Amino acid sequence: MKFIYQTWWKVLAVVMIFYTLIAGLLLGVPRLEILHETIRNTYFHVPMWIAMFTVFTISVIYSIKYLQTGKEEYDLISVECVNTGMFFFVVGLITGMLWAKYTWGEYWSNDPKQNSAAIAFLLYCAYGVLRNSIDEEQKRGKISAIYNIFAFPVMVVLIMVLPRLTDSLHPGNGGNPAFGKLDMDNRMRVVLYPAFIAWALMGVWIATLRYRIRLIEFKKNAIN
Amino acid sequence: MKKLILLAAILFCFLAANAQNGQDVTMGDVMRSEGKIYVVVVTMVIVFAGLAIYLFSMDRRLKKIEKENNETKHLL
């Protein structure tokens, strides 16, 4: 756990995001119909989801650990990871909607990808409701940990699997080529992969800050 | 009086700057090339720099509080 108090990886994340901001707007990108310059959104829209997946994954790991050991700290980590993930979820949805307006024509066109992302969002909202509705600490920790462990794979299926089985406008779905060989070249990968790492670290950083605040509150309550 | 002179000086600067408009002067070249995209880049960098500084300062404050808490625990 010493890792979360260190500074080097936070600096790394910030430096890498600066790099993606500058290189992402100035380096060359493929010239494509419909997308035009909005192809650069890839550098900022997709990393939001990567950050979300990262913190949600950490949350599940700590939910499992909590169930194994019963240590309250693990429960706090898992909650704050979900809270941080929700932020990136919302930002990812909004940026996706804006991008959709100028490429698909509507903010919300009831596309399978959009709909199942919305359902997954509700799934995690239910987590918050469930958690806040239980007063007793251990019960709350256990039930929300179990819910979290089941919610995570459902969310992955909803966002990553189901839209791929049907027709969707979103790249990578239903016979629609992903940002693969056709519309992405190595110029973009040079920016995109650092952006993934940087925003994942950023998400972890925010989650650790929230966890540390929560831990102080928790200890204070325990003493009183 | 001083204020008036200052005002006059500022006005004069403005006029002088305005007078240049007719000529085809290109300056601050990097910031104006390629559809002024560099301006957007700098704006985004400033916004993110602010956010990063904000996060780092939160981190530092937390570290301070954590240290204090550990000290009090040690004293108890």
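Conventions adopted
- Residues numbered from 1 in each chain as written.
- Chains lettered and ligands numbered in written order.
- Predicted model: local features only at pLDDT ≥ 70, side-chain atom pairs only at ≥ 80, totals over all residues.
- Heavy atoms only, no water.
- Helix = DSSP H or I, 4+ residues; strand = E, 2+ residues; numbered from the N terminus.
- Areas by Shrake-Rupley, 256 points an atom, 1.4 Å probe, with all protein chains shown as cover.
- Rg over C-alpha atoms; globule rule 2.2 N^0.38 Å.
- Buried < 20%, exposed > 50% of the residue type's maximum accessible area, 1.4 Å probe, protein only.
- Contact = heavy atoms within 4.5 Å.
- Lys, Arg positive; Asp, Glu negative; His and termini not counted.
- Charge placed at Lys NZ, Arg CZ, Asp CG, Glu CD.
- Phe/Tyr/Trp six-rings, centres within 6.5 Å; stacked < 30°, edge-to-face > 60°.
- Buried area = accessible area lost by both parts, 1.4 Å probe.
- Salt bridge = Lys/Arg side-chain N within 4 Å of Asp/Glu carboxyl O.
- Axes fitted to C-alpha atoms, helices over the stretch in contact; angles between N-to-C directions.
- Parallel < 35°, antiparallel > 145°, perpendicular 65-115°, else oblique.
- Left-handed = near helix turned anticlockwise from the far one by under 90°.
- Nonpolar A, V, L, I, M, F, W, Y, C, P; charged D, E, K, R; others polar.
- UniProt positions renumbered as here; feature names shortened; annotations may be inferred.

As annotated in an unreviewed UniProt entry, chain B carries the name CcmD family protein and is attributed to Mucilaginibacter glaciei.

A. Inspection of the overall build of chain B at higher detail. Looking only at helices and strands, chain B features 3 helices and 0 strands. When the accessible surface of chain B is summed, it comes to about 6,800 Å², and 68% of that surface belongs to carbon and sulfur atoms.

B. Geometry of the overall build of chain A. If you tally the helices and strands in chain A, you get 6 helices and 0 strands. The N-to-C order of helical and strand elements in chain A reads α-α-α-α-α-α. At 19 Å, chain A has a C-alpha radius of gyration in line with the 17 Å of a compact globule built from 224 residues. Counting every position in chain A, which comprises 224 residues, the buried fraction comes to 46%. Considering only residue pairs separated by 6 or more positions, chain A has 74% of its internal contacts joining residues 24 or more positions apart. With an accessible surface of roughly 11,300 Å², chain A has 67% of that area assigned to carbon and sulfur atoms. Across chain A, 21 positive and 15 negative side-chain charges occur, with their mean positions spaced 7 Å apart.

C. Layout of the packing of aromatic side chains. Applying the stated criterion across every chain yields a total of 13 aromatic pairs over all chains. Ring centres of Phe18(A) and Phe48(B) lie 5.3 Å apart, and the angle between their planes is 85°; on these two criteria the pair is classed as edge-to-face. One end of the pair, Phe18(A), is in helix H1 (residues 8-26); the other, Phe48(B), is in helix H3 (residues 37-75), on a second chain. By relative accessible area, Phe48(B) is classed as buried at 6%. Look at Tyr62(A) and Tyr74(A): their rings are 5.4 Å apart centre to centre, the planes differ by 55°, and that puts the pair in the tilted class. Note that Tyr62(A) is positioned in helix H2 (residues 42-69) and Tyr74(A) in helix H3 (residues 72-103), a separation of 12 residues in sequence.

D. View of the interface of chain B and chain A. Taken together, the 19 residues of chain B in the interface contact 21 residues of chain A. When chain B packs against chain A, close to 1,900 Å² is buried across both sides, 80% of that on carbon and sulfur atoms. Its largest share of buried area at the contact with chain A, chain B owes to Phe48(B), Leu55(B) and Phe56(B), together 31% of the area lost on that side. Seen at the junction of chain B and chain A, the total is 3 salt bridges. Across the pair Asp59(B) and Lys10(A) runs a salt bridge whose closest N-O atoms are separated by 2.8 Å.

E. Region of interest: the pattern of salt bridges. Per the stated rule, a full pass over the model turns up 7 salt bridges over all chains. For Arg214(A), the salt bridge identified is with Glu80(A), shortest N-O distance 2.8 Å. Placement of Arg214(A) in helix H6 (residues 186-223) and of Glu80(A) in helix H3 is noted, with a sequence separation of 134 residues between them. Here Arg214(A) falls in the partly exposed class, since its relative accessible area comes to 25%. Salt-bridge contacts for Arg212(A) lead to Glu66(B); the nearest nitrogen and oxygen are separated by 2.8 Å. Of this pair, Arg212(A) sits in helix H6 while Glu66(B) sits in helix H3, placing the two residues on different chains. Neither Arg212(A) nor Glu66(B) differs from the other in exposure class; each is buried. Three or more residues are tied together by salt bridges with common partners; here these are Lys10(A), Arg212(A), Asp59(B) and Glu66(B).

F. Layout of the packing of H3(A) against H6(A). Residues and elements named next belong to chain A. At a minimum axis distance of 8 Å, the contact between H3 and H6 shows a crossing angle of 135°. When the interaxial angle is binned, H3 and H6 end up oblique. Classified by chirality, the crossing of H6 by H3 is right-handed. In this structure, H3 contributes Glu72, Glu73, Leu76, Ile77, Val79, Glu80, Cys81, Asn83, Thr84 and Phe88 to the contact, and H6 contributes Trp199, Gly203, Ile206, Ala207, Arg210, Tyr211, Arg214, Leu215 and Phe218. Looking at the contact of H3 with H6 residue by residue, the classes come out as 11 nonpolar, 3 polar and 5 charged.

G. Here's a closer look at the UniProt feature "transmembrane region" (unreviewed entry) in chain B. What UniProt calls "transmembrane region" (unreviewed entry) maps, in this numbering, to residues 35-57 of chain B. Secondary structure content for residues 35-57 of chain B is 91% helix and 0% strand, and the end C-alpha separation is 36 Å.

H. Representation of the packing of H2(A) against H6(A). Residues and elements named next belong to chain A. The contact between H2 and H6 brings their axes to 8 Å, and the two run at 40°. When the interaxial angle is binned, H2 and H6 end up oblique. The element H2 and its partner H6 pack so that their crossing is right-handed. Counted together, Thr42, Tyr43, Val46, Pro47, Met48, Ile50, Ala51, Thr54, Val55 and Ile58 of H2 and Arg187, Met188, Val191, Leu192, Ala195, Phe196, Trp199, Ala200, Gly203, Val204 and Ala207 of H6 form the full contact between these two elements.

I. View of unusual backbone geometry. Residue and element names in this part refer to chain A. The backbone phi angle of histidine 36 is positive, close to 50°, even though this residue is not glycine. Within the secondary structure, histidine 36 is located in the loop between H1 and H2. Residues other than glycine seldom take positive phi values, yet asparagine 110 does so here, at roughly 50°. For asparagine 110, the position within the fold is in the loop between H3 and helix H4 (112-132).

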